[in-house]
Amino acid sequence: MTGETGPTGATGPTGPTGATGAAGVTGETGPTGPTGPTGATGPTGATGAGLTEVATVTSEGVATALVGEALTVEHASPGTYTLTDTGVTFTGCAVVVTVNATGVDDTAQAGAGGHTITVMTYEGATLTNNPFSLMVTCP
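Below you will find a few notes about this structure. The model shown is predicted, which means the values in this text are computed figures rather than measured ones.

1. Structural notes on the overall build of the chain
- The number of helices and strands found in the chain is 0 helices and 9 strands.
- Helices (α) and strands (β) of the chain occur, in sequence order from the N terminus, as β-β-β-β-β-β-β-β-β.
- For the chain, the C-alpha radius of gyration of 42 Å lies well beyond 14 Å, the compact-globule estimate for 139 residues.
- With the principal axes as the frame, the chain shows a C-alpha extent of 145 × 35 × 25 Å.
- Taking all 139 residues of the chain together, the buried fraction comes to 20%.
- Here the analysis covers contacts within the chain between residues at least 6 apart in sequence; of these, 54% occur between residues at least 24 apart.
- Summed over all atoms, the accessible surface of the chain reaches about 10000 Å², with 55% contributed by carbon and sulfur.

Have a look at this one:
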């Protein structure tokens, strides 16, 4: 005859933690998310003073005044033009001159002061008679 089974013994201590396994393979990059909403439109900036084309001048110094009637042109030397209007003070004005010639090296520069705008036109580095348009904006 077999006797009764004895009571279960106490649980033994927990064993040590095993080593960390190797890292798994990195997954593929997911799809790009949707575009976020458009931000609010910023305020409109102040309107600046625009340029006004005041004259066109032929290479011989003949001006067609587009603004005012008192603009005169003096053309005393090659490539140098002096435009004068005694009713307007050009000091502090922005002056832009554009050569109306087709040569690759045709350029112009202008400066303003008092009642006068001086324009010089060039072919390369040489003062040369060229037709031009003159634009001005004043504060």
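From this point, things continue past the structure.
2. Some thoughts on the nonpolar core
- With 15 residues, the main nonpolar core has Y81, L83, I117, V119, F132, L134 and V136 as its most contacted residues.
- Broken down by secondary-structure element, the contributors of at least two residues to this core are β1 (52–57), β4 (80–84), β5 (94–99), β7 (116–123) and β9 (132–137).
- The contact partners of V119, leaving out residues within four places of it in the chain, are G79, T80, Y81, L83, V97, Q109, A110, F132 and L134.

3. With respect to the state of the cysteines
- Using the criterion set out here, one finds 1 disulfide in the structure.
- The residue that forms a disulfide with C93 is C138, at a sulfur-sulfur distance of 1.9 Å. Across the S-S bond linking C93 and C138, the dihedral sits near 105°, which makes this disulfide right-handed. Pair noted here: C93 is in the loop between β4 and β5 and C138 is in the segment after β9, with a separation of 45 residues, a long-range link.

4. Focus on the packing of aromatic side chains
- Under the counting rule described, the total for this entry stands at 1 aromatic pair.
- Look at Y81 and F132: their rings are 5.0 Å apart centre to centre, the planes differ by 65°, and that puts the pair in the edge-to-face class. Within this pair, whereas Y81 is found in strand β4, its partner F132 is found in strand β9, the two being separated by 51 residues in sequence.
- We classify Y81 as buried; its relative accessible area is 0%.
- Accessibility expressed as a relative area gives 0% for F132, which makes it buried.

Rules used in this analysis
Residues numbered from 1 in each chain as written. Predicted model: local features only at pLDDT ≥ 70, side-chain atom pairs only at ≥ 80, totals over all residues. Heavy atoms only, no water. Helix = DSSP H or I, 4+ residues; strand = E, 2+ residues; numbered from the N terminus. Rg over C-alpha atoms; globule rule 2.2 N^0.38 Å. Buried < 20%, exposed > 50% of the residue type's maximum accessible area, 1.4 Å probe, protein only. Contact = heavy atoms within 4.5 Å. Areas by Shrake-Rupley, 256 points an atom, 1.4 Å probe, with all protein chains shown as cover. Core = buried A, V, L, I, M, F, W, Y, C linked by side-chain atoms within 4.5 Å. Disulfide = S-S within 2.5 Å. Phe/Tyr/Trp six-rings, centres within 6.5 Å; stacked < 30°, edge-to-face > 60°.

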